[in-house]
Protein chains: 2
Amino acid sequence: MRMSELSRSAGMPVATVKYYLREGLLRAGIHLSATSASYDGTHLERLGLIRALVDGAGLSIAQVKRVTQTLDNPPDTWHDMLGTAQSVLCGPPDEDLETTSADALLQRLGWAVSERSPARADLARALERLDTGGISVRAQDLDGYAAAAQAAAVIDVTALPTDTPGAALRQAIVGTVLLDHVLIALRRLAQEDVSARTFARRQTSGAADSAKSDGGAHFAG
Amino acid sequence: MRMSELSRSAGMPVATVKYYLREGLLRAGIHLSATSASYDGTHLERLGLIRALVDGAGLSIAQVKRVTQTLDNPPDTWHDMLGTAQSVLCGPPDEDLETTSADALLQRLGWAVSERSPARADLARALERLDTGGISVRAQDLDGYAAAAQAAAVIDVTALPTDTPGAALRQAIVGTVLLDHVLIALRRLAQEDVSARTFARRQTSGAADSAKSDGGAHFAG
DNA sequence: ACAAGTGGAGAGTAACACTATCCAATGTCG
DNA sequence: CGACATTGGATAGTGTTACTCTCCACTTGT
């Protein structure tokens, strides 16, 4: 397959494919001569991955580069797999970060997470932003969110392919970041469902009797 | 409070505050004369919100503008509240979008969501990207993710403040988008915990016993 | 022979989120 | 009263990102 066919199959301009080659996101093709190289299905697949990560997950080119470099050079242990996935996807570590509320939550949950896990910093940052954004969340609600996150994580880990490390790493990184958005969309839709059942015809003002009293009663099943 | 004090309190340059004023993210202060206006705590609070949404949630200025406009002009019903929050936070509706897999999932779940809910389009897009990214997810796993998302949504809805519509709307929009990131971080941390418990010292390859051959046997629990 | 395509490199572009500069009109301090 | 910093307001400039375009010498297919 030549450049023009590759770009046509992937649905993007030749210039863009060249750009990804320059940036090291895509391996060079096999050189047949000074002015022609041959690309195969793995190149096409890689372009699909780049497109999904950039357009779908909103990753920057630099992040995608880290993902692809990791995919091409996997770590040694299964546990490092997810750790690598996270170091690629999380924000940078930050020494002067207030992590007490995050630490308190994690201790309450009893989760075995490293002291300097990048996701711990992400959690601390997210909780801090809730604060600066003027949102307060009850501890018991945080615990509830954590339980939901754990339910998702159990599925993540059990669904990791076990045939090859490469497939596992790919699933760990790509599946994690793409499923983030599936989960977010599902949360929105579940909100709509729950909201519809709870206050379908309740007004924001006027005759509204306490919505609080039966707010959660319909979800026992 | 004058401009310089407002910008100092919010921890951002005067030029940036002026920019937000220009873009309509921040109400103008009360004009005391042609060259001075007075700002109050609501302006400071709004700047904190903008900062949380831009830096924390990664929203664009245009999205933040839609959020603030909605906050300043709330809808009529409680149910519209979350709908409005979603139309602000979700991607655009798309007529030519393949929604069959999303529709199938939602029908299986039996959720009461509108045919043209923007979150439905988001879900369809996210599922499509899983495909172009080369990730396949079993239907039963999707159902599991949906259950986790629903658990989060129940907390979302029951935690909505019921005192004033403004507070509810603020929580619905700001809480939803900021808690997205809390949930994502919690999912990463839960992955680390689950992974640590599952394959703490198992090798992907190398001198240890062939991880390939028995790779999948340990995940039954 | 010759149009079309190739790898490669560099410059150009559009969007975005600020950031800097300028201005006339104050406020404020000695 | 006058020097001087600050204000609201407008306009232009900056740095980053993710492409996109142009050019080139050189094959390749017909």
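See the structure above.
Everything numeric here is computed off the predicted structure, so don't read it as measured data.

Caption draft 1: Examining the interface of chain B and chain A more closely. In this complex, chain B contributes 95 residues to the contact, which on the side of chain A involves 96 residues. The interface formed by chain B and chain A includes six salt bridges. The salt bridge involving Arg188 of chain B is made with Asp180 of chain A; its shortest N-O contact spans 2.8 Å. For the pair chain B and chain A, the interface holds 26 residue pairs in polar contact (both at pLDDT 80 or more). Secondary-structure elements contributing two or more residues to the side of chain B that touches chain A are α3 (41–56), α5 (78–89), α6 (100–109), α7 (118–132), α8 (139–158), α9 (165–199) and α10 (211–214) of chain B.

Caption draft 2: Inspection of the environment of Val54 of chain B at higher detail. All names here are of chain B. Of note, Val54 is situated in helix α3. Along the chain, Val54 and Leu127 lie 73 residues apart, while their C-alpha atoms are 26 Å from each other. Residues contacting Val54, with those up to four places away along its chain left out, are Leu59, Ile61 and Val64.

Caption draft 3: Spatial organisation of the nonpolar core. By size, the foremost hydrophobic cluster in this structure holds 133 residues, and its most contacted members are Leu123, Val182 and Leu186 of chain A together with Leu123, Val182 and Leu186 of chain B. Once you skip the residues sitting within four places of it in the chain, Leu123 of chain B turns out to touch Val182, Ala185, Leu186 and Leu189 of chain A together with Ala102, Leu105 and Leu106 of chain B.

Caption draft 4: Seen up close, the pairing of strand β1 (residues 30–33) of chain B. As paired elements, β1 of chain B and strand β2 (residues 36–38) of chain B share three bridges and run antiparallel to each other. The residue bridging His31 of chain B from the neighbouring strand is Ala37 of chain B, located in β2 of chain B.

Caption draft 5: Focus on the relation of the copies chain B and chain A. Its rotation angle being 180 degrees, the transformation that places chain B on chain A also includes 0.0 Å of axial translation and leaves an RMSD of 0.1 Å. Such a turn and shift between the copies fits a two-fold axis. Residue Ala148 of chain B, judged by its C-alpha, is the member of chain B lying nearest the rotation axis, at 2.4 Å. When you check the interface residues of chain B against chain A, 98% turn up at the interface there too, and the contact is symmetric in its surfaces.

Caption draft 6: Highlighting the environment of Asp163 of chain A. All names here are of chain A. Positionally, Asp163 belongs in the loop between α8 (139–158) and α9 (165–199). Asp163 gets classed as partly exposed once you look at its relative accessible area, which sits at 49%. Note: C-alpha distance between Asp163 and Ser136 (27 residues apart in sequence) is 44 Å.

Caption draft 7: Quick look at the protein's contact with DNA strand C. Looking at DNA strand C, there are 23 residues lining it, with Met3, Thr35 and Tyr39 of chain A together with Arg22 and Ser33 of chain B nearest. When the atoms of DNA strand C within 4 Å of the protein are grouped by moiety, sugar and phosphate amount to 68% of the total. Separating a base oxygen of DNA strand C from a side-chain N or O atom of Arg22 of chain A is a distance of 3.3 Å. The separation between a phosphate oxygen of DNA strand C and a polar main-chain atom of Ala37 of chain A is 3.3 Å. Only α1 (3–10), α2 (14–23) and β2 (36–38) of chain A together with α2 (14–23) and α3 of chain B provide two or more residues apiece to the surface near DNA strand C. Looking at the surface near DNA strand C element by element, the count peaks at five residues for α2 of chain B. In terms of residue class, the surface near DNA strand C is built from ten nonpolar, eight polar and five charged.

Reading the values: rules and limits
- Residues numbered from 1 in each chain as written.
- Chains lettered and ligands numbered in written order.
- Predicted model: local features only at pLDDT ≥ 70, side-chain atom pairs only at ≥ 80, totals over all residues.
- Heavy atoms only, no water.
- Contact = heavy atoms within 4.5 Å.
- Salt bridge = Lys/Arg side-chain N within 4 Å of Asp/Glu carboxyl O.
- Polar contact = N/O pair within 3.5 Å; in protein donor to acceptor, adjacent residues only side chain to side chain.
- Helix = DSSP H or I, 4+ residues; strand = E, 2+ residues; numbered from the N terminus.
- Core = buried A, V, L, I, M, F, W, Y, C linked by side-chain atoms within 4.5 Å.
- Buried < 20%, exposed > 50% of the residue type's maximum accessible area, 1.4 Å probe, protein only.
- Pairing = 2+ DSSP bridges.
- Least-squares fit on C-alpha atoms with pLDDT ≥ 70 in both.
- Near = heavy atom within 4 Å.
- Nonpolar A, V, L, I, M, F, W, Y, C, P; charged D, E, K, R; others polar.

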